[in-house]
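Chain and residue survey
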Amino acid sequence: MKFRKFDLTVMVTCLALLGYLAWHGFYGPRSFAHRDALVVKVAELETELGVAASGRQQLDQRVKLMRPESLDPDMLEQLVRQDLNFLESNELLLIQK
């Protein structure tokens, strides 16, 4: 079986291309190892997203309580006492250091 020079060139070029693609499949920026690292990163970010979403739900609930149509007097008093440090005239404030 005789190989012509052209056939040999095509075969070597195809093998080189196959080797190039295989190398990038194992070691390149879109390799299997890089994909596994991305899966771990996605899991971490989804956990962080869950924490942020629960925090947002808590803030949304507090904002809902402060809207004019559903203003809760106890919530308003608590916020005034905590954030603005207001007291009633008959109360005494003790600061501990």
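First, a word on scope: everything that follows refers to the structure included in this document.

Thresholds, definitions, all that
Residues numbered from 1 in each chain as written. Predicted model: local features only at pLDDT ≥ 70, side-chain atom pairs only at ≥ 80, totals over all residues. Heavy atoms only, no water. Helix = DSSP H or I, 4+ residues; strand = E, 2+ residues; numbered from the N terminus. Rg over C-alpha atoms; globule rule 2.2 N^0.38 Å. Buried < 20%, exposed > 50% of the residue type's maximum accessible area, 1.4 Å probe, protein only. Areas by Shrake-Rupley, 256 points an atom, 1.4 Å probe, with all protein chains shown as cover. Lys, Arg positive; Asp, Glu negative; His and termini not counted. Charge placed at Lys NZ, Arg CZ, Asp CG, Glu CD. Patch = residues over 30% accessible without salt bridge, like charges linked within 9 Å, V, L, I, M, F, W, Y side chains within 5 Å. Salt bridge = Lys/Arg side-chain N within 4 Å of Asp/Glu carboxyl O. Phe/Tyr/Trp six-rings, centres within 6.5 Å; stacked < 30°, edge-to-face > 60°. Expected span 1.5 Å × (residues − 1).

**Considering the overall build of the protein chain**
Check the secondary structure of the protein chain and you find three helices and zero strands. Along the protein chain, helices and strands appear, N-terminal first, in the series α-α-α. The C-alpha atoms of the protein chain give a radius of gyration of 33 Å, which is well past the 13 Å a tight globule of 97 residues would have. Dimensions of the protein chain, computed from the C-alpha atoms along their principal axes, are close to 110 × 40 × 15 Å. Looking at the protein chain as a whole, 4% of its 97 residues are labelled buried. By element, 63% of the accessible surface of the protein chain is carried by carbon and sulfur atoms, the whole surface being about 9500 Å². For the protein chain, the separation between the mean place of its 12 positive charges and that of its 13 negative charges on side chains is 21 Å.

**Details of a nonpolar patch on the surface**
Among the surface-exposed residues, Leu8, Met11, Val12, Leu15 and Leu18 lie close enough to one another that they form a single nonpolar patch of about 480 Å² accessible area. Mapped onto the fold, valine 12 is located in helix H1 (residues 5–27).

**Quick word on the pattern of salt bridges**
On inspection of all chains with the given rule, the structure shows three salt bridges. Between aspartate 7 and arginine 4 there is a salt bridge, with the nearest N and O atoms lying 3.9 Å from each other. A salt bridge links aspartate 36 to arginine 35; the nearest nitrogen and oxygen atoms lie 3.7 Å apart. The class for arginine 35 is exposed, based on a relative accessible area of 54%.

**A word on the packing of aromatic side chains**
By the definition in use, this model includes two aromatic pairs. For the pair phenylalanine 26 and phenylalanine 32, a centre-to-centre distance of 5.7 Å together with 70° between the ring planes defines the contact as edge-to-face. For phenylalanine 26, a relative accessible area of 54% puts it in the exposed group.

**A short note on the environment of aspartate 83**
Tracing the chain through its elements places aspartate 83 in helix H3 (residues 73–84). Between the C-alpha atoms of aspartate 83 and glutamate 46, which are 37 residues apart in sequence, the distance is 33 Å.

**Brief notes about H3**
If you check H3, its first and last C-alpha atoms are 16 Å apart, about what twelve residues at 1.5 Å a residue would give, namely 16 Å. Positive phi appears at asparagine 85, one or two residues downstream of H3, with a value of about 55°.

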